[in-house]
Each structure stands twice: as C-alpha cells, then as structure tokens.
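Architecture and fold: a report
What follows is each chain in one-letter form.
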Amino acid sequence: MGENTTRTAAITSAAIRIASIFFLRWVAIPPALPIIYTLFAIYVPTFISSYFTESKYELIDEVDVVLKEDILNKDEIVNGTTDEAVVVDEFDVEETEAIVQKPLRPLSTLLKGTPNPNSLLLTGLTFLINIACVAMVTDMVYSPRWFHPSYDLSFARVGYVSDTEAKLLIREPDQSKMPITVQVHIKDAQPPFDNPLWQTAGGVKWTTNETDYTAVVTIPLSHSKQRVYEWTTSNNHSGEFTAAPKPGAMPELFDGKFTFLSTSCIVPRLPYNPLDHPLAFPGMKHLAKVLPNLGAQFMLFLGDFIYIEVPKRFGESVESYRQKYRQVYASPDWPAVGQNLSWIHVLDDHEISNDWDSNSTGVYQTAVDPWHHYQTEANPPVAKKAGTQGIQTRSGATYFSFTQGPASFFMLDTRSYRSKNSEPFDSPNKTMLGETQLEDFVEWLHRPEPKGVKWKVIASSVPFTKNWRVNTKDTWGGFLSERRKILEAMWDAGNLGVGVVILSGDRHEFGATAFPPPKDSEWSEGVTVHEFSASPLNQFYSPIGTYKQTDDEDVELKYINAGNSKFGVITIEKLAEGEQSSLKYTVYIDGVERWDTIILSPTPLHPVKVGGSLWDRLRGLGS
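A quick note: this is a predicted structure, and the numbers were derived from the prediction, not measured.

1. Considerations on the pattern of salt bridges
Applying the stated rule across the entire model yields 24 salt bridges. Ionic pairing is found between Arg447 and Glu443, a salt bridge with its closest N-O pair at 3.7 Å. Note on Glu443: relative accessible area 24%, which makes it partly exposed. Ionic pairing is found between Asp554 and Lys466, a salt bridge with its closest N-O pair at 3.0 Å. Highlighted residues: Asp554 in the loop between β18 (529-534) and β19 (555-560) and Lys466 in the loop between β15 (455-460) and α11 (480-495), separated in sequence by 88 residues. Since its relative accessible area comes to 0%, Asp554 is described here as buried.

This is the structure we're talking about:
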C-alpha cells in the first residue's frame, strides 16, 4: 500500500510540474487547467498518506564473507617429498540484519515531489513546490478576473487618423466627469504659420452602459501641412498623434518616409512571470522600446486583440467579452504603445470563438458588441460600395478601406461571411469574404489610384499562403477557388503600376511569401504579390516548424517560428527617379530586428488614367 501511494504521488507530482511549466511558459491552453487541478487533487491525499505510512527505517542485510586458505599436504612439503602445495579455500559467511534510519537524499525528495519521513523540512519544501505550481496557474487564470475586472477603467486612445481628422476613443464610466472636453494643439508649432494655442476640438456629453461607457470624438485637422498634434481631455488623459500625409503625397515628416506597423494576437502575462502585473504584456514592452525611433503612422492590428477562451472562458455574456477588452486597455503596458500611436483593427476568430466559421449566428452578435464599441467606432471608413465609382460607402460593412500617402489599404473581414471550414478546399462556391465583400474588394483592386499611390496593402487576419500545414482549412489555403480569383485581380492591379502587399497574422510565426504570376501569362514577373505574416505580439509560438513550400505558386522568402513577440515595420519611400517606390519590410522578434527585405512597385503595363473630376465620377453612377 505504501509503495503504491508513494509511486502515485511521484507520478502526479511530475505531471503537475510538467503541465504547469507548459501552461505558464509556453501555451495556456484551456484543457490543461482542469488536468492540473485534477492531478493536484490526486496528489495531495496520496502525498499525505505516503508521509504517514512510509517507514522512517529500512532493513539492511549485511553479509560478511571471510576467505581462509589451508594447505592439505603440509607434511609432504616439510618432508621434501613434494614441491607443490595443495591449497584449499574455505569461505566463512556471516549474515547480519540491521534496521537503520533511511538516508535523507534531499535532491531526490525535492525532484520527485514525494515525502521524506525523516525530514519534515524536505517534505514541506517539496510539497510547497507543487503548491506553488498550482498557485501560479491559478494566479495567471483568475487574478485578472478577480482583482482587475476594470469596471472603473477610464482611458482614451487614438484611433484612425487621416490628413483631415483624427478619432479619439474615450471610456469614462464616472458621470461626475461629464461633460468631457477634448483640446488639441500643434506640437512644436512654428509661428506665424502654426497656431500654438490649445483649441477645443469636441467632447462627450455622457456615456452609458449600452456602449460600455465608450464614445468617439472626431477631431478636425484644418492645417494644410502634416503636423504632430498633442491632445488632452478634461478627465486627465493626454497624448499625441501625427496627421497622415495626403493621398498620393509623401510625408513631410520623418525624412519623407511613410512607416506603419502590423501584428496580431495578444494574451497577457505569457510567458508567465510571478512578478509581472496580472495584465502585463511583455510583447508591448518590446514594441515600446523601438517605437520612438520608427516614426510610425499607425499600428495595423490584424485580429485576436482578445482571446475569449484563453486561458479560460468564463462565460458567453456581453460582459465577459467586454471585460477582456477593458483588461487590455487597463494594462500598465498599454499607454507606452497606444497613447501616442493610432491603432486600427480587423476582426479574427478569438474575438468570437476559436476557428469561427458560423457567420453571424450563435455567440457572434454578443462577441462583436464590444468589438464595435472599442475598435470599429475608431476605425477607418467602411469600404466603398462596388459600382459607385468609389463614392458611396457600403452601409453596415465590417471591412474598411482608406488611402494615405503612397498607399491604399483594404482591411478584410475574414470571419463574418465565410463558408464552413470543413467544405472542400477547392470548392468553387466556398467563400471567405462573402459575395458582397468580394465584389467590393475586387473592384478596389481594379480601381486606379491617385497619382503618387504606388501600393495596395491588404490586411487579412489569416494567412493568404497555403504553405502553413497546420490547420490549413482556417487560412486562405482552405479557400483555393476564391483565392485564385483574388490573386488574378491582384496581378491585374500590378499591371496598373501598383504593387500589392498582403499583411496577415494568426499563425504565431513569421513567414514571407511571394506569389508570382504563371509563366507565359498576361502578367509579367514584376507584378508578383508579396505576403508578410507576423504574429504574435504576445502569445505562444510553435517550437516545431509548420510552414513548408510544396509548389511554385507560393514561394517561401523567409520563415521564422521562434519568438513570443513578433511585429512588422513597413516603410515606403519614393525612389529618386520618382516613378517607382520601394517598400521595406522589417520583422522584429522579441524586440530585436531579425530580417528585412525591400521590394519595388511595378511599372505600369499601359498608361494609366487616374483621377478625373468629381462630376465625371458622379456621372458614372448613373451609367
């Protein structure tokens, strides 16, 4: 009985420690939590039983063997009748049994997690190690919910910023602070052309629980030049933002370089450190260190801003989802990366539920309630409606488009309209975007851009390449027919002299992929589409590579799987000749620059007609 309980205690102890390290330092998967608690429930009684039943002593069986040699022919040797002695070995065996105290073996006790009946101190220490493992798991899972529900969170963040306006998202549940006024002024104003005085730009009269006490203030930017603005609110929040360059124009600031960032996927306190704040994001610390030197215009966040089921789903109510958003914005690491930088967002599965493919059914409406309040309301304008010459927006759309400086952007919604992942990969009717979004997206790809716009940038929450071999069905690799239609439209855009770049996340790895057009086709090699997929900002990564090129359609440029924190820096510059543009992509992993590449915008296949009068475009609506 004693041996069995000790063996059980040792096995469960080892399992607790291994599972806890896995959960805390690598990936906090929800199924691990009940496993750890069940193991601990088995471990405790077996440990206690073993301590009281295991003997402090052990039976030592000592055997003494004495070898005696005797010469049988001594007389013959003495008489000289022989020179050879006949030797006989005699063994004298003496067996002694003794009961002695067991040795301490402190290292064995601490490693195995089993009790030591001769040392209460060692027994207590090894037991405390396992208690500490379970306590740290509990701390990681429950401390944010128990101690940081963030009901009273008051904050303000910068959303979409164009050359004419900026959006400021404000959360203030304390109605005694109402009304809230927002003031702005030009930072480092240069008189007489810049007004250095603070001016009231808008305000909030009240907030209600209907929007989780959030509101958006739109700040008009009347200065004709690109400037950096400082903002402050009457409820004690402040920061700054940079006005965007006009469409087709290069920035007047930052040495004429247009820079923005992309990443996705954040979970607090991973890898776990007991000294960290329960809402800490180590990846945000990495970003904050390099951010001041980048001159970034905005962060293009590609989904999984929250993980509703990681490390544990606490419910499917609106409040459960809202709390997750509040906790990100309540993080002590957020201000350093969000107070002075515009963040814009696309939706992915973990804002709803893992690998979501059920459109707007089930928990969808509950899940997107806070996403709309905290993200959509401060996002760029919704995309233009197909067939309206880029004039009318698509009412009710959850995908967005805008143009800044040398680039035009389309932010896809890859979750709200998709077919079931389980459908055949090459099914012609299978869709990730839905008919309406696909129509608007393809028209955007075909639409000529204003002079000076050399890039079309697509934000996709999931990778476009099919080279990721794990859960491919959830990526564009599972929607091959629709993917092909889009690729052809992208190559068509290249023929107009505009480079096409896809930015994606989701995989918790980095992969750069090229999509060259077929050989001997209507498209030249210069219209090759490039994808840069970088994530997570703060999550686990796969120690085993999951990306592999298998054909000439998706060409691997670079793949890096290691690193808990990854983000991309995209910098666009105008070449000296003026007709082409360069795009440099740099990936940072755990705060260190790891790889970069430069691509050039293609030259147009035929002369491109751009612009046109507003009257001509409006007249086209009736044709």
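2. Thoughts on the packing of aromatic side chains
Applying the stated criterion to the full structure yields 44 aromatic pairs. Judged by centre distance (5.3 Å) and plane angle (65 degrees), the ring pair of Tyr160 and Phe402 falls under edge-to-face. Of this pair, Tyr160 sits in strand β3 (residues 155-161) while Phe402 sits in strand β13 (residues 400-404), and the two are 242 residues apart along the sequence. The exposure classification of Tyr160 matches that of Phe402, with both residues buried. Taken together, the aromatic side chains of Phe155, Phe301, Phe305, Tyr325, Tyr329, Trp334, Trp343 and Tyr374 make up a single cluster linked through ring pairs. One cation-aromatic arrangement involves Lys312 over Phe314; the distance from NZ or CZ to the ring centre is 5.9 Å. Cation over ring: Lys456 sits above Trp444, and NZ or CZ is 4.5 Å from the ring centre.

3. Looking at the environment of Leu291
Turning to its location among the elements, Leu291 is positioned in the loop between α6 (282-290) and β11 (296-301). The exposure class assigned to Leu291 is buried, which follows from its relative accessible area of 14%. Distance in space between the C-alpha atoms of Leu291 and Ala336 is 8.9 Å, their sequence separation being 45 residues. Not counting chain neighbours up to four residues away, the residues in contact with Leu291 comprise Leu261, Ala296, Ala336, Val337 and Leu341.

Rules of the game
- Residues numbered from 1 in each chain as written.
- Predicted model: local features only at pLDDT ≥ 70, side-chain atom pairs only at ≥ 80, totals over all residues.
- Heavy atoms only, no water.
- Salt bridge = Lys/Arg side-chain N within 4 Å of Asp/Glu carboxyl O.
- Buried < 20%, exposed > 50% of the residue type's maximum accessible area, 1.4 Å probe, protein only.
- Helix = DSSP H or I, 4+ residues; strand = E, 2+ residues; numbered from the N terminus.
- Phe/Tyr/Trp six-rings, centres within 6.5 Å; stacked < 30°, edge-to-face > 60°.
- Lys NZ or Arg CZ within 6 Å of the ring centre and 35° of its normal.
- Contact = heavy atoms within 4.5 Å.

By themselves, these are just geometric observations and shouldn't be taken as functional.
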